[in-house]
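If you want the building blocks of each chain, they are given just below.
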Amino acid sequence: MNMIAKGVAPAVSSLLAALLLTACAAPEFKQPSVAVPTAFKEAQAPGAIVANAPVQTAADGTRWKQAQPAEQQPRGEWWLAFNDSALTQLIGEATKANANLAVAAARVKQARAIAGIAEADRVPQIGVGVGAQRARASAQSLGLPQGSPVAPQTSYSASLSASYEVDLFGRVSSGVNVARSDAASVEATYRSVLLAVQADVAQTYFRLRATDAELATLEQTVRLREENVKVNQRRFDLGDIGEFDLSRAKTELATSRAEAIGLQRTRVTTEHALAVLLGQPAANFTAGVSPLLDSSLLPAIPAGLPSALLERRPDIASAQRAMEASNARIGVARAAMFPALNINASGGGAAGAFSEVFKWSSRSWVLGALMSLPIVDGGRNKNNVVRSEAVLEESVASYRQSVLTAFAEVEDNLAGLRILTGQTQEIDDALVSARRSADLAQKLYAAGRSSYLDLLDAQRNLASVERSAVQLRGSRAVTTVALIRSLGGGWEAAPLAVASK
């Protein structure tokens, strides 16, 4: 019977130890399921101009591997595809001087330092102490008669101490995992801010150039109106026309000038926004006039596989790391419910003279171990575990929301480019017709075969179509940048994933 007991006892002890370790360890992290479409819907729509990579399947019909965050992979200088040296220079300046980017970089340093602090708990903490003390005790404390003379004493000491927490139930390792995942999340956030700054600079730059092009169109309209006023003034002086036609010409001129002045305000505020992105005072920055004249050279952006989006987007990677940190915090909370073992040791010497401190006869040492276990905490630790589990549920929901938002942004921008391309084709046709109509109206009016109202109507229509064409040109450039941003900053073809076995 004793032999059986001796054999069973170790097994029971091992089982209990395993149960305790399992109870307090962080749960195994499980990637939440997300419905990933096989292809972007808008990339398959008729008229789409962006290339979409074919959907790949394994030979045995299995799914491709689970998408993993790859936010550190190089995205390349995507703005070079626009072949615009001014844009390249502006993005370089913003990357060096943008204030929001500097804030994000500082937070990365903080997170890395916190991770280093957590890592320090893995190794023994060792310290050295050297001191001197002079004291005089009272006669009564020494058991002497009241008033007995007591001489003051001087003592010197030197010590070496060490302390170490044995990671019995994973508190230290879980804390390290929390700090590492937090740091990875902050770094992914930094890359998200970097991408946002670069994309904002590009979009603001193209808005500024589109405004310049629109102003150029308005200035051309103003010059035409001024010429009309001059011609009508001469004809009025000669009695060929009445005051009505002259007044209408002057009204159209003043209206066009007012529109040009109003558009100048838009340009100024856009220029100021670009200055802020570059980290410069608005008063010190002036952007040269550079009308956006052609949108045919805009790069065509392949959308790629939807699963690759989960790997490239830095905001999704940040949400992924936040989930992992929340999962590790459950381990920290669980470990607080179990014993903590701390080992402490110190050794050194103390003597009345400093030269004697390091003598063998002055030695002293202490070696101890302390195991602490919470008994009554009013449910604090239990509720802390529940709170940690709820935080994980929140981070999972946030991750899924980030994924849904990412897919929606890509679909939005794919649809935007497709629709803008169709509009551009139609407006180009309308522009040809409007120019022909305005030219005919001018000739008919000069020949006296049509009224001035017909000429104004044709000229107004031409000016409106020209402004629409310019605005569409700017919208296509801005939306192209938005698509690049929604894809995670680049569009290099991702390597084909290996099927899970």
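Residues numbered from 1 in each chain as written. Predicted model: local features only at pLDDT ≥ 70, side-chain atom pairs only at ≥ 80, totals over all residues. Heavy atoms only, no water.

(A) How the structure looks around the confidence of the model for the chain. Averaged over every residue, the pLDDT of the chain is 81; residues scoring 70 or more account for 85%. Per-element mean pLDDT across the chain ranges from 47 in helix α1 (residues 2–24) up to 93 in helix α2 (residues 85–97). Below pLDDT 50 for its whole length, residues 11–16 participates in zero contacts with residues either more than four positions away or in separate chains. Low pLDDT, under 50, characterises residues 493–501; the stretch is placed with 17 contacts to residues that sit more than four places away or in other chains. (pLDDT = per-residue confidence, 0-100. Helix = DSSP H or I, 4+ residues; strand = E, 2+ residues; numbered from the N terminus. Contact = heavy atoms within 4.5 Å.)

(B) Layout of the environment of arginine 321. Position of arginine 321 among the secondary structure elements: in helix α7 (residues 314–335). Arginine 321 sits in the buried class, given a relative accessible area of 18%. Sequence-wise, arginine 321 and aspartate 182 are 139 residues apart; in three dimensions their C-alpha atoms are separated by 6.7 Å. (Buried < 20%, exposed > 50% of the residue type's maximum accessible area, 1.4 Å probe, protein only.)

(C) Quick peek at the nonpolar core. Trp78, Phe82, Leu87, Val201 and Phe206 are the most contacted members of the largest nonpolar core, which has 46 residues in total. Sorting elements by how many residues they give to this core places helix α8 (residues 380–446) first, with nine residues. One finds Val229, Leu253, Tyr452 and Val465 within the second-largest nonpolar core, a separate group that totals 20 residues. (Core = buried A, V, L, I, M, F, W, Y, C linked by side-chain atoms within 4.5 Å.)

(D) View of the sheet that holds strand β1 (residues 125–135). Spatially, β1-β2-β3-β4 is the arrangement adopted by the four strands of the open sheet, whose pairing is antiparallel. The two strands at the open ends of the sheet, each matched to only one other strand, are β1 and β4 (363–372). Between one strand axis and the next, the sheet turns by 20° as a mean value, whatever way the strands run. As paired elements, β1 and strand β2 (residues 153–166) share 11 bridges and run antiparallel to each other. (Pairing = 2+ DSSP bridges. Axes fitted to C-alpha atoms, helices over the stretch in contact; angles between N-to-C directions.)

(E) Summary view of the packing of α2 against helix α4 (residues 171–238). It is the contact of α2 with α4, at a shortest axis distance of 10 Å, that shows an interaxial angle of 140°. By the angle class used here, α2 and α4 are oblique. Crossing hand, α2 versus α4: right-handed. For the pair formed by α2 and α4, the contact residues are Ala86, Leu87, Leu90, Ile91, Ala94 and Thr95 on the first element and Leu194, Val197, Gln198, Val201, Ala202, Tyr205 and Phe206 on the second. Of the residues assigned to the contact of α2 with α4, the class counts are 11 nonpolar, two polar and no charged. (Parallel < 35°, antiparallel > 145°, perpendicular 65-115°, else oblique. Left-handed = near helix turned anticlockwise from the far one by under 90°. Nonpolar A, V, L, I, M, F, W, Y, C, P; charged D, E, K, R; others polar.)

(F) Highlighting the side chain of serine 148. Its location among the elements puts serine 148 in the loop between β1 and β2. We classify serine 148 as buried; its relative accessible area is 19%.

(G) View of the packing of α4 against helix α5 (residues 243–277). Two numbers describe how α4 lies on α5: the axes approach to 8 Å, and their chain directions differ by 165°. Classified by the interaxial angle, the pair formed by α4 and α5 is roughly antiparallel. Here α4 and α5 pass one another in a crossing that is left-handed. Here the residues of the contact of α4 with α5 sort into 15 nonpolar, 10 polar and 14 charged.

(H) Molecular detail of the pairing of strand β3 (residues 340–351). Two strands pair when backbone bridges link them, and β2 and β3 are joined in this way by 11 bridges, in the antiparallel orientation. In the sheet register, serine 159 faces β3, and the bridge partner there is glycine 348. In this structure, β3 lies alongside β4, joined through 10 bridges in antiparallel fashion. In the strand pairing of β4, serine 346 is matched with valine 366.

(I) Up close: the packing of aromatic side chains. Summed over all chains, the structure comprises four aromatic pairs. When the centroid spacing of 5.4 Å and the interplanar angle of 80° are considered together, the rings of tryptophan 78 and tryptophan 79 count as edge-to-face. Tryptophan 78 sits in the buried class, given a relative accessible area of 5%. Counting every residue linked through ring pairs, the aromatic cluster contains Phe82, Tyr205 and Phe206. Its guanidinium or amino end placed over the ring of tyrosine 445, arginine 235 lies 4.9 Å from that ring's centre, counting from NZ or CZ. (Phe/Tyr/Trp six-rings, centres within 6.5 Å; stacked < 30°, edge-to-face > 60°. Lys NZ or Arg CZ within 6 Å of the ring centre and 35° of its normal.)

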